[in-house]
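As a plain string of letters, each chain reads:
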Amino acid sequence: TKVRMCNMPTNAYFYLNRLLQRFDSSATQMGKPVQLLFALSLHRSGWTDVIDRLVEGTDIEATDPSGVRWLIECKTTSDMGHTLQKKDCDGFKAAEKDKKKPGLAFCRIRPLSNWMLVEAVGLEEKYKYSEASLRLFPQHRNSEAIQKAFLEVCEREVPGLLDMPPDQIQNHLNNKVKDLSR
């Protein structure tokens, strides 16, 4: 299902950019906190059983509002795109084998960038995916609700994170995501 693209609201970019500055402008180090903000956004937009998988395989496992179970790999960049690794594509194949929907959540930290969750069927390793190339893949039909929830989560969570040392930010967000399953 093709869905209208959602531009990252200016406020979300502002919050993410401020958070990025806390990590010395390293989108790699900031990837995990953005992944956890994304997990909170899924829950806020009606997804259930949201689990951050930490280090095992894909990043997030969750059930969408229609009852479909997803395994989602999250990628954050301030660059033009991101190159998928073999482990990412293996995770997508494993999801399909387990009768779960493979997904790629792509967050580019740039003004007016598109934030997206696409079905990851057919994505290939060692290929650098950009916003433009990901438009060719079906987006989740709930993308606009997730985008709205992402802004709300950023507005609620990021101001408090800015006062924390970078090494405590991830632990704080991990605890928030764990609380979802209690």
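It should be noted that the structure appears before, not after, this text.
This write-up is about the structure you can find in this document.

Thresholds applied
Residues numbered from 1 in each chain as written. Predicted model: local features only at pLDDT ≥ 70, side-chain atom pairs only at ≥ 80, totals over all residues. Heavy atoms only, no water. Helix = DSSP H or I, 4+ residues; strand = E, 2+ residues; numbered from the N terminus. Buried < 20%, exposed > 50% of the residue type's maximum accessible area, 1.4 Å probe, protein only. Contact = heavy atoms within 4.5 Å. Areas by Shrake-Rupley, 256 points an atom, 1.4 Å probe, with all protein chains shown as cover. 1 Å grid on protein atoms, 1.4 Å probe; cavity = no way out; pocket = protein on both sides within 12 Å on 5 of 7 lines; lining within 4 Å. Points joined across faces, edges and corners; volume = space filled by probe spheres on them. Nonpolar A, V, L, I, M, F, W, Y, C, P; charged D, E, K, R; others polar. Polar contact = N/O pair within 3.5 Å; in protein donor to acceptor, adjacent residues only side chain to side chain. Salt bridge = Lys/Arg side-chain N within 4 Å of Asp/Glu carboxyl O.

**What about the overall build of the chain?**
(1) Moving on: Counting secondary structure elements, the chain contains six helices and seven strands.
(2) Moving on: Starting at the N terminus and ending at the C terminus, the chain contains elements arranged as α-α-β-β-β-β-α-β-β-β-α-α-α.
(3) Moving on: With 182 residues in all, the chain has 51% of them scored as buried.
(4) Moving on: Pairs at least 24 residues apart make up 60% of the contacts formed inside the chain by residues separated by at least 6 positions.
(5) Moving on: Accessible surface, the chain: about 8,900 Å² in total, of which carbon and sulfur atoms supply 49%.

**So, empty space enclosed by the protein**
(1) Moving on: This model, assessed by the stated rule, comprises one cavity of 30 Å³ or more.
(2) Moving on: Computed from the structure, the largest cavity encloses a volume of approximately 50 Å³.
(3) Moving on: Those elements giving two or more residues to the lining of the largest cavity turn out to be α2 (27-44), β3 (69-77) and β5 (101-108).
(4) Moving on: In the lining of the largest cavity, the residues fall into seven nonpolar, two polar and one charged.

**Considering the side chain of E61**
(1) Moving on: Topologically, E61 is positioned in strand β2 (residues 60-63).
(2) Moving on: Side chain to side chain, E61 and K100 meet in a polar contact 2.9 Å long.
(3) Moving on: With sequence-adjacent residues up to four places away left out, E61 is seen in contact with D49, V50, I51, R53, R69, W70, L71 and K100.

**Thoughts on the environment of C89**
(1) Moving on: Checked against the element boundaries, C89 lands in helix α3 (residues 86-97).
(2) Moving on: A relative accessible area of 4% places C89 in the buried class.
(3) Moving on: Note: C-alpha distance between C89 and E73 (16 residues apart in sequence) is 9.4 Å.
(4) Moving on: Setting aside chain neighbours within four positions, we find C89 in contact with L84, L123, E124 and E125.

**A short note on the pattern of salt bridges**
(1) Moving on: Across all of its chains, the model carries 15 salt bridges by this definition.
(2) Moving on: Put simply, E152 and R44 hold a salt bridge, and the shortest N to O gap is 2.5 Å. Taken together, the positions of E152 in helix α5 (residues 143-161) and R44 in helix α2 put the pair 108 residues apart, joining distant regions of the chain.
(3) Moving on: By relative accessible area, E152 is classed as partly exposed at 25%.
(4) Moving on: With a relative accessible area of 43%, R44 lands in the partly exposed category.
(5) Moving on: For R156, the salt bridge goes to E157, with nearest N and O atoms at 3.1 Å.
(6) Moving on: Judged by relative accessible area, which is 6%, E157 ranks as buried.
(7) Moving on: Linked through salt bridges whose partners overlap, the residues forming this network are R53, E61, R69 and K100.

These figures come from the coordinates and say nothing about function on their own.
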